[in-house]
Amino acid sequence: MDLHVVILAAGKGTRMKSARAKVLHRVAGQPLIERVLARAAALDPRSTTLVIGHQADTLRHALSRHRGLTFVVQEPQLGTAHALLTTESALGTAAGTLVLLSGDVPLLSVDTLRKLVDRHTSTAAAATVVTAVVGEPRGYGRVVRSGERIARIVEDKDATSAEREIREINSGIYAFSLEGLFDAVRSVASANAQREYYLPDLVAVYRQRGLGVETVTVSNPDEIRGINSRIELAAVSRIVRDQKTAELMAAGVTIEDPPTAYIDGDVKVGADTVIHPGVALEGRTTIGAGCEIHSGVRIVDSQIGDRVTIFNHCVITNARVADDVKVGPFAHLRNEADVRAGARVGNFVELKKTVLGAGSKSMHLAYLGDATIGEKVNIGAGTITCNYDGVTKNQTVIEDGAFVGSDSQLIAPVTVGKGAYVGSGTTVRQDVPPGALAVSAGKQRNIEHWVEKKAKSEGQKAKVD
Ligand code: UD1
Ligand code: CA
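Residues numbered from 1 in each chain as written. Chains lettered and ligands numbered in written order. Predicted model: local features only at pLDDT ≥ 70, side-chain atom pairs only at ≥ 80, totals over all residues. Heavy atoms only, no water.

Participant: Hey, could you run me through the coordination of the calcium ion (ligand 2) in this one?
Facilitator: Tetrahedral coordination by four donors sets the ideal angle at the metal to 109.5 degrees; octahedral coordination by six donors sets it to 90 or 180 degrees. Note on the calcium ion (ligand 2): its protein donors are Asp-104 (OD) and Asn-228 (OD1). The metal-donor distances range over 2.3 to 2.5 Å. With Asp-104 in the loop between β6 (97-102) and α5 (110-122) and Asn-228 in the loop between β11 (213-217) and α9 (230-250), the pair connects residues that are 124 residues apart, well separated along the chain. Here the two residues Asp-104 and Asn-228 agree in accessibility, since each one is buried. (Donors = N, O, S within 2.8 Å, 3.2 Å for Na, K, Ca; no water. Helix = DSSP H or I, 4+ residues; strand = E, 2+ residues; numbered from the N terminus. Buried < 20%, exposed > 50% of the residue type's maximum accessible area, 1.4 Å probe, protein only.)

Participant: Sorry if this is basic, but what is going on with the pattern of salt bridges here?
Facilitator: Where charged atoms of side chains with opposite charge meet at close range, the side chains can pair. Counted according to the given criterion, the structure contains 20 salt bridges. Across the pair Arg-340 and Asp-338 runs a salt bridge, and its minimum N-O distance is 3.0 Å. Residue classification places Arg-340 among the partly exposed positions, given a relative accessible area of 37%. A cluster of three or more residues bridged by salt bridges with shared partners is formed by Glu-88, Asp-183 and Arg-186. (Salt bridge = Lys/Arg side-chain N within 4 Å of Asp/Glu carboxyl O.)

Participant: Is there a simple way to explain the domain arrangement of the protein in this structure?
Facilitator: Entries for the protein in the domain assignment read domain 1 (3-224) and domain 2 (230-438). At the interface, 12 residues of domain 1 touch 8 residues of domain 2. A combined buried area of about 920 Å² lies between domain 1 and domain 2, and 63% of that area is made up of carbon and sulfur atoms. By the criterion of area lost to domain 2, the three top residues of domain 1 are Met-16, Ala-28 and Leu-107, representing 50% of everything that side buries. At the junction of domain 1 with domain 2, the criterion picks out 0 salt bridges. Where domain 1 touches domain 2, the interface holds 3 residue pairs in polar contact (both at pLDDT 80 or more). A breakdown of the residues in the side of domain 1 that touches domain 2 according to their chemical character gives 5 nonpolar, 3 polar and 4 charged. (Domains from an automatic or database assignment. Contact = heavy atoms within 4.5 Å. Buried area = accessible area lost by both parts, 1.4 Å probe. Polar contact = N/O pair within 3.5 Å; in protein donor to acceptor, adjacent residues only side chain to side chain. Nonpolar A, V, L, I, M, F, W, Y, C, P; charged D, E, K, R; others polar.)

Participant: Whenever I open this one, the side chain of Thr-49 confuses me. Can you help?
Facilitator: Note on placement: Thr-49 falls in strand β4 (residues 47-52). The exposure class of Thr-49 is buried, given its relative accessible area of 2%. Contacts of Thr-49, omitting those with residues within four sequence positions, involve Val-5, Val-6, Ile-7, Thr-70, Val-72, Thr-87, Ala-90 and Leu-91.

Participant: What is the right way to read the site of ligand 1 from this model?
Facilitator: As a matter of local geometry, ligand 1 sits amid 23 residues, with Gln-74, Gly-79, Thr-80, Glu-155 and Asn-170 nearest to it. Gln-74 is positioned such that a nitrogen or oxygen atom in its side chain is 2.7 Å from a nitrogen atom of ligand 1. Within the backbone of Asn-170, one N or O atom sits 2.6 Å away from an oxygen atom of ligand 1. Secondary structure elements with two or more residues in the shell around ligand 1: β1 (3-9), α3 (80-85) and β10 (168-177). Within the shell around ligand 1, the residues separate by chemical class into 8 nonpolar, 11 polar and 4 charged. (Near = heavy atom within 4 Å.)

Participant: Before we go on, may I ask you to explain the sheet that holds strand β28 (residues 355-356) in this structure?
Facilitator: Each strand in a sheet pairs with another by means of backbone hydrogen bonds, the pair being arranged parallel or else antiparallel. Strand order in the open sheet formed by 9 strands is β14-β17-β20-β23-β26-β28-β30-β33-β36, with parallel pairing between adjacent strands. Taken across any chain shown, the strands that pair with only one partner, and hence form the sheet edges, are β14 (268-269) and β36 (414-416). Bridging between strand β23 (residues 320-321) and strand β26 (residues 338-339) involves 2 bridges; their strand directions are parallel. The partner of Val-321 across the bridge, within β26, is Val-339. (Pairing = 2+ DSSP bridges.)

So, in structure tokens, the structure goes:
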């Protein structure tokens, strides 16, 4: 069967009060339009056409990775019927079924879409409308039935007060038979409250012509929620997040306070991991089993092993953390930081493009950038890899078992050999051979009675006690 998809996304989204195109706003971390495109792809259609208008170039750019997507520009935007008409030349002589999706309805299930196509084709209808019965129908088009059959759809703004009582609404998702579709859409008028060409008016047109119009009513009305405002955006994000936390809990993850867990759809978490309140797990992040993620942690596009503890308020982006590691509180792992098994990263430690070898420790106040640190290395408090010379980033190598004393600076490129010691307060400018001790601080000198002498010279009593 020939199946084509058209997605409407040209509208300005006035009610969002945004400079950004509405369909690029994110629901639980993912742009609305990406969700709709994923559902369209699940139908494996012959073609997918996106109607764009408002911010057309931004959208085209944002979606450039989607191959085989046809963009059609609707300018000006005169309503949903007018939007569909602009796809006429793109669809050419295509026959079969057209599934029309709305770019701002991101929760529709693929299951419902399949039901829509099945009902539409099995009844040989001219049009099939996805509807829902909702508690609060305000803002949506209402489904007016005569007897069992759908007679027409009336928009909220055009409805009589009796029609506004109807709780069955139009989802804005339809299947149409392509035969004669565009001619019929052309006959839709704009004599309504918004002076727009309404696609739902096609229902009445078809019914008057005696053509078949069917409906598919979703059992979960959340599926067809459209997003027109920031409040609806937040509400739909909430639904997606609740689904995600429910899924994870069912799979054996403890989430102490689900409403404050911000876990994106693609994130994977192993069993018996405990997620404390206020944790954000984003993008392509995986967390192993038996981990403990404390409050205020944000992890983006990172891989965390098993039995890892991340203490409060760590930020981890694009990093790897192996099994049995402890990180934080207040640590920052970024840009290819790679913490190996059993290592320990403490508070106010930043790692960038750095391997911290198995069993190594950096417990307090350090910057480790562009460094390869071996196994069982101790990095003292206040250690800094001086990786940038103003022109290029240089590498620091610290070999297995080395001990770097507190407040040391390692001026890269430099190597600290196996088992070597760097004395506290050392500025390491040359390689340290294996087993050596490097010290650079001058010899300490104590000036006796200095405070007393100073006070005397200023004519005051010494404050020594
Ligand atoms: C629409 C339906 C309404 C339905 C609701 C479901 C119409 C007239 N009304 O109302 O019956 O209950 O969806 O969510 O269709 N668009 C264009 N070009 C335009 C106008 C809109 O591409 O000229 C796009 C928008 O970007 C959006 C979609 O079509 O993605 C729906 O338009 P919107 O203005 O949000 O329609 P609603 O008022 O929500
Ligand atoms: Ca809408």
